[in-house]
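Architecture and fold: a report
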Amino acid sequence: MVETCSVCETRKPVVGVYALTSCYGCQLMIATVEKILQISEAVTFKSFHMLTSASSHGKVDIAFVEGSVSTEKDLIELKQIREDATVLVAIGACSIHGGVQSWDQGLRDYPEMYEKVYGNGEIAYEGLAAKPIDHYVKVDHYLPGCPPDEREIVYFLSTFLFGTYPERKERPVCHECRLAGNPCILIEKGEMCLGSVTTSGCNALCIGFGIPCIGCRGPTPYDTASFDALAKEFKRLGKTREEVLDRLSIFGSHDRRMRQMVEKAYGGEK
Ligand code: SF4
Ligand code: SF4
Ligand code: SF4
């Protein structure tokens, strides 16, 4: 929680928005929030390259960090950001779950992949297998999505401005999907939808367009029977172990429950 701010105390909160290895989509989403100009008046952006060329490192009340740790340089920068920030918020799938750059985590050999992509050519930094930032530093809050939803960004910023903190969403996407009145494409069409094990907050966006959820908001934060039940359902639908693992790994490769649910349903089967 911010201890002093323009609303409850004496000064504007100082905010930094930083990128590690990412597509910059999360920061772009923050920079294009409709009320960003009003927000800019309520906070001091010390670092936010998309908004101000005067960005610099240093002490901040709140640091928003997008991107996974995928290089030694990312790791050094992340540790400095953590040291400088009172509150650290991981934003987006890359930062929270390792992102699509973690898709092959545990499925393929990292040094082998690295060599295939970069060969023996010299590059300016040492690569690391992509990991979520909380693998290395303490994270205070998680703002999920790929990218996060505008309303949720405003909600997070508002709670900090009012001296409180954002609540974590716990219900699965299925909850919002049913409220939206969508037909269930898992049950009706046999699509590999991950809505039952994915954190809500997007109003079942993809299903509204007839596309199955691939889990970009990350696994729900608690253990439920849904994980085992979903793997069994995929198996019943004739999906192979590899197909299921591949789908679950897009955004969930660092979550042990994903592998466990596959192992329970398939064991060593292909
Ligand atoms: S979470 Fe998605 S939008 Fe955000 S940086 Fe990663 S890939 Fe880009
Ligand atoms: S499984 Fe997918 S389509 Fe079915 S209710 Fe859940 S989110 Fe909606
Ligand atoms: S439906 Fe799933 S994949 Fe689509 S935005 Fe929501 S969480 Fe992400």
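Scroll up to find the structure this text is about.
Cut-offs applied
Residues numbered from 1 in each chain as written. Chains lettered and ligands numbered in written order. Predicted model: local features only at pLDDT ≥ 70, side-chain atom pairs only at ≥ 80, totals over all residues. Heavy atoms only, no water. Axes fitted to C-alpha atoms, helices over the stretch in contact; angles between N-to-C directions. Helix = DSSP H or I, 4+ residues; strand = E, 2+ residues; numbered from the N terminus. Parallel < 35°, antiparallel > 145°, perpendicular 65-115°, else oblique. Left-handed = near helix turned anticlockwise from the far one by under 90°. Contact = heavy atoms within 4.5 Å. Nonpolar A, V, L, I, M, F, W, Y, C, P; charged D, E, K, R; others polar. 1 Å grid on protein atoms, 1.4 Å probe; cavity = no way out; pocket = protein on both sides within 12 Å on 5 of 7 lines; lining within 4 Å. Points joined across faces, edges and corners; volume = space filled by probe spheres on them. Domains from an automatic or database assignment. Pairing = 2+ DSSP bridges. Core = buried A, V, L, I, M, F, W, Y, C linked by side-chain atoms within 4.5 Å. Buried < 20%, exposed > 50% of the residue type's maximum accessible area, 1.4 Å probe, protein only. Near = heavy atom within 4 Å.

A separate point is the packing of helix α11 (residues 241-252) against helix α12 (residues 256-266). α12 packs onto α11 with a crossing angle of 170° between their chain directions and a minimal axis gap of 10 Å. With respect to each other, α11 and α12 are oriented roughly antiparallel. Considering the relative orientation of α11 and α12, their crossing is right-handed. Mapping the contact onto sequence places Arg 241, Val 244, Leu 245, Leu 248, Ser 249 and Gly 252 in α11 and Met 258, Arg 259, Met 261, Val 262, Glu 263 and Tyr 266 in α12. Taken together, the residues that form the contact of α11 with α12 break down as 7 nonpolar, 2 polar and 3 charged.

Overall, the coordinates contain 2 cavities of 30 Å³ or more when judged by the stated rule. Its boundaries defined by the atoms lining it, the largest cavity holds a volume of some 70 Å³. Along the walls of the largest cavity sit Ile 96, His 97, Tyr 142, Pro 144, Arg 168, Lys 169, Thr 199, Arg 217, Pro 219 and Pro 221, which together make up its complete lining. The residue makeup of the lining of the largest cavity, split by class, is 5 nonpolar, 2 polar and 3 charged. Counting the residues that make up the lining of the largest cavity, at least three belong to each of domain 1 (14-161) and domain 2 (173-266). Together, Leu 194, Val 197, Thr 198, Ile 214, Gly 215, Gly 218, Pro 219, Leu 248, Phe 251, Gly 252 and Met 258 line the second largest cavity.

Let us look at the sheet that holds strand β2 (residues 44-47). Here 5 strands make up an open sheet; going across it, the order is β2-β1-β3-β5-β7 and the pairing parallel. Each having just a single partner strand, β2 and β7 (141-143) make up the two edges of the open sheet. On average, adjacent strands in this sheet sit at an angle of 30° to one another, irrespective of strand direction. Across the sheet, helix α3 (residues 72-84) touches β1 (14-19), β3 (60-66) and β5 (85-91), and the angle it forms with β5 is around 130°. Taken strand by strand, helix α6 (residues 150-161) contacts β3, β5 and β7, and its axis lies near 155° from that of β7.

Moving on, we get to the nonpolar core. Core analysis: the largest hydrophobic core is formed by 23 residues, its most contacted members being Ile 207, Phe 234 and Met 261. Where this core is concerned, the elements lending two or more residues are α7 (173-179), α8 (185-189), α10 (225-236), α11 and α12. It is α12 that provides the largest number of residues to this core, a total of 5 residues. Those residues in contact with Met 261 that lie beyond four places of it in its chain are Phe 227, Asp 228, Leu 230, Ala 231 and Leu 248. Grouped together as the second largest cluster of nonpolar side chains are 22 residues, Cys 26, Ile 30, Val 89 and Leu 143 included.

The next thing to look at is the layout of surface pockets. Over the atoms rolls a probe the size of a water molecule, and in doing so it shows where empty space is left. Of the voids in this model, the largest pocket is the one considered here, and its volume is about 400 Å³. Taken together, 20 residues form the lining of the largest pocket, with Gln 101, Tyr 110, Met 113, Leu 128 and Ala 130 sitting closest to its centre. Broken down by element, the residue count for the lining of the largest pocket peaks at 5 residues, all from helix α5 (residues 110-118). A breakdown of the residues in the lining of the largest pocket according to their chemical character gives 10 nonpolar, 8 polar and 2 charged.

Our focus in this paragraph is the site of ligand 2. Close to ligand 2 lie Cys 174, Cys 177, Arg 178, Cys 184, Ile 185, Leu 186, Cys 193, Gly 195 and Ile 207, which account for all nearby residues. Looking at the shell around ligand 2, the elements with two or more residues in it are α7 and α8. A total of 3 residues in the shell around ligand 2 trace back to one element, the largest contributor, which is α7. For the shell around ligand 2, a count of residues per class yields 7 nonpolar, 1 polar and 1 charged.

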